[in-house]
Amino acid sequence: MNVTYDSAAGTFTMANGAWTNTYPISDLPQWLAFYRNQQELFPRYAASYQGSVDGLEKLAAELRSDMM
């Protein structure tokens, strides 16, 4: 999963192959929680969600470090 941030638009985009979607940056915590929850609810498929979790966590960490 590729997660990119557009600071001018205040959005982030998740892209994986042909699938792509853009969300307000304020939704980042909710999407991270969603994908973590999917891993817990469907442990057999947890690896399928790991790329999304990793990408969103990386973006969240970058945003935190930019605030310091």
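This one's a predicted model, so the numbers in the text were calculated from it and none came from an experiment.

Draft legend 1. A look at helix α2 (residues 46–67). The end-to-end C-alpha separation of α2 is 31 Å, in line with the 32 Å expected for 22 residues at 1.5 Å each. For α2, the set of buried residues is Ala46, Ser52, Val53, Gly55, Leu56, Leu59, Ala60 and Leu63. Lining the buried residues of α2 we find β1 (2–6), β2 (11–16) and α1 (28–41).

Draft legend 2. The arrangement of a nonpolar patch on the surface in detail. A cluster of nonpolar residues, Leu41, Phe42 and Tyr45, forms a patch on the protein surface that exposes about 310 Å² of accessible area. By the secondary structure assignment, Tyr45 is in the loop between α1 and α2.

Draft legend 3. Molecular detail of the packing of α1 against α2. Running from N to C, α1 and α2 cross one another at 150°; their axes reach a closest spacing of 9 Å. With respect to their mutual orientation, α1 and α2 come out roughly antiparallel. You can see that α1 and α2 cross each other, and the crossing is left-handed. Residue-level inspection shows Leu28, Trp31, Leu32, Tyr35, Arg36, Gln38 and Gln39 of α1 in contact with α2, the latter providing Ala46, Tyr49, Gln50, Ser52, Val53, Leu56, Glu57, Leu59, Ala60 and Leu63. Within the contact of α1 with α2, the residues separate by chemical class into eleven nonpolar, four polar and two charged.

Draft legend 4. Seen up close, the pairing of β2. When β1 meets β2, the two strands line up antiparallel, connected through five bridges. Following the sheet pairing, Thr4 is matched in β2 by Thr13. In this structure, the hairpin formed by β1 and β2 is closed by a connection of four residues, where Gly10 is found at a positive phi of approximately 70°. The sheet contact formed by β2 and strand β3 (residues 19–24) spans six bridges and is antiparallel. Paired with Met14 across the bridge in β3 is Asn21. The hairpin formed by β2 and β3 contains two residues between the paired strands, and Gly17 there has a positive phi angle of roughly 65°.

What counts as what
Residues numbered from 1 in each chain as written. Predicted model: local features only at pLDDT ≥ 70, side-chain atom pairs only at ≥ 80, totals over all residues. Heavy atoms only, no water. Helix = DSSP H or I, 4+ residues; strand = E, 2+ residues; numbered from the N terminus. Expected span 1.5 Å × (residues − 1). Buried < 20%, exposed > 50% of the residue type's maximum accessible area, 1.4 Å probe, protein only. Contact = heavy atoms within 4.5 Å. Patch = residues over 30% accessible without salt bridge, like charges linked within 9 Å, V, L, I, M, F, W, Y side chains within 5 Å. Areas by Shrake-Rupley, 256 points an atom, 1.4 Å probe, with all protein chains shown as cover. Salt bridge = Lys/Arg side-chain N within 4 Å of Asp/Glu carboxyl O. Axes fitted to C-alpha atoms, helices over the stretch in contact; angles between N-to-C directions. Parallel < 35°, antiparallel > 145°, perpendicular 65-115°, else oblique. Left-handed = near helix turned anticlockwise from the far one by under 90°. Nonpolar A, V, L, I, M, F, W, Y, C, P; charged D, E, K, R; others polar. Pairing = 2+ DSSP bridges.

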